[in-house]
Amino acid sequence: MFINTVSLRLAFMLGCFVSTAHAQSATEHKEVAPACSAYVDLLSVPTIAAWYEERMPTALPFKAKELSRDAYRAQLLKFIPTDSEKECNRWMTGQLMTLQENFDGYSDEIDALLPESCGQYRAAYRETMEAQLFGDESKLTQGVTKHDSSLLQLKAANPQAVPKYCAYGEQIWSRTDELAASDFDDAKRNYPLPKVCDEGYDKLKEEAFPASSPKTFSAAWVQAALKRALPVVLNMRAYLALRYADQPEELEAECRSRLRL
């Protein structure tokens, strides 16, 4: 049952490659969306490529073991719709989930794709979330998948920013004390965002640190929940500022979407 379930997921995900390849001519792409580049980086890791090929030997018309890593990556790129950031993000999320659940070397291989400080950040995030989720492996896997996907996409979009992002992530996720209003101010100074984004973050700050104490149990509960989520909130601010540094329109759209503005 396990093999069949995994094979179906692999067939669906890699089938996206094959159907796309038949729909496109094998011309060279001028531009690759960051999510697509990150997706191909993941699938071209030799141990991961071999793991997939062992389970689905006929899924692709070329073999990783017969090509250099760069050549294999170039072949994979021909199967990616370069104008579909959303699709590549969806595919990569599925792949990361599959690998986490079934590939023994998952964490080591993700660490190897990133700067050393990112391994420390990933470990701090996982340790904190394991404690907060009380052993809920499903939610933990989803959280790790989201963070790893963001890291790989940031590396593809703005590789120079990755060490800074990971250092900040480790700093806030390894904190043993509660984050304070001053941490919002520090993040605002270090990771500037457009006005619409700042308005959303200012509202969150006011809700987490109101001028007066909550007057009802419900209000107190909401405030406590928001304070527990502050590492996620500030981590996201840093990601948005670095990931979309040169894309003001995309940055504003992401702010509106993620902050529900």
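Residues numbered from 1 in each chain as written. Predicted model: local features only at pLDDT ≥ 70, side-chain atom pairs only at ≥ 80, totals over all residues. Heavy atoms only, no water.

## Section: the overall build of the chain
- Along its length, the chain carries 14 helices and 0 strands.
- Along the chain, from the amino end to the carboxyl end, the secondary structure elements read α-α-α-α-α-α-α-α-α-α-α-α-α-α.
- Sequence-distant contacts in the chain: of pairs separated by 6 or more residues, those separated by 24 or more amount to 73%.
- For the chain, the exposed surface amounts to about 14,200 Å²; the carbon and sulfur share of it is 53%. (Helix = DSSP H or I, 4+ residues; strand = E, 2+ residues; numbered from the N terminus. Contact = heavy atoms within 4.5 Å. Areas by Shrake-Rupley, 256 points an atom, 1.4 Å probe, with all protein chains shown as cover.)

## Structural notes on the packing of aromatic side chains
- All chains considered together, the criterion is met by 9 aromatic pairs.
- Seen in terms of ring centroids, W51 and F103 are 5.7 Å apart; in terms of plane orientation they differ by 70 degrees. Their pairing is edge-to-face. Of this pair, W51 sits in helix α3 (residues 46-55) while F103 sits in the loop between α5 (85-102) and α6 (106-113), and the two are 52 residues apart along the sequence. Across the pair, exposure class does not vary: W51 and F103 are buried alike.
- Pairing Y125 with W173 gives two aromatic rings, centres 4.8 Å apart and planes at 85 degrees, and the pair type is edge-to-face. (Phe/Tyr/Trp six-rings, centres within 6.5 Å; stacked < 30°, edge-to-face > 60°. Buried < 20%, exposed > 50% of the residue type's maximum accessible area, 1.4 Å probe, protein only.)

## Some remarks on the side chain of Q100
- With respect to the secondary-structure elements, Q100 resides in helix α5.
- A distance of 2.7 Å separates polar atoms of two side chains, one belonging to Q100 and the other to T145.
- When near neighbours in sequence (up to four residues on either side) are disregarded, Q100 contacts Y106, R126, T141, V144 and T145. (Polar contact = N/O pair within 3.5 Å; in protein donor to acceptor, adjacent residues only side chain to side chain.)

## Focus on the pattern of salt bridges
- Taken as a whole and assessed by the stated rule, the structure comprises 16 salt bridges.
- With its nearest N and O atoms 2.6 Å apart, the salt bridge here joins K205 to D185. In this pair, K205 sits in helix α11 (residues 195-208) while D185 sits in helix α10 (residues 181-190), placing the two residues 20 residues apart along the sequence.
- Put simply, R256 and E252 hold a salt bridge, and the shortest N to O gap is 3.2 Å. Here the residue R256 and the residue E252 both occupy positions in helix α14 (residues 248-258), the gap between them amounting to 4 residues, near one helical turn. (Salt bridge = Lys/Arg side-chain N within 4 Å of Asp/Glu carboxyl O.)

## What to know about the packing of α10 against α11
- Their axes nearest at 10 Å, the elements α10 and α11 cross at an angle of 170 degrees. When the axes of α10 and α11 are compared, the pair comes out roughly antiparallel. Seen from α10, the contacting residues are A181, F184, D185 and K188; seen from α11, they are D198, Y201, D202, L204 and K205. (Axes fitted to C-alpha atoms, helices over the stretch in contact; angles between N-to-C directions. Parallel < 35°, antiparallel > 145°, perpendicular 65-115°, else oblique.)

## So, the state of the cysteines
- The final tally for this structure, using the stated rule, is 3 disulfides.
- Sulfur-sulfur distance for the disulfide between C36 and C88 comes to 2.1 Å. The S-S bond linking C36 to C88 shows a torsion near 90 degrees; that makes this disulfide right-handed. Of this pair, C36 sits in helix α2 (residues 34-43) while C88 sits in helix α5, placing them 52 residues apart in sequence. (Disulfide = S-S within 2.5 Å.)

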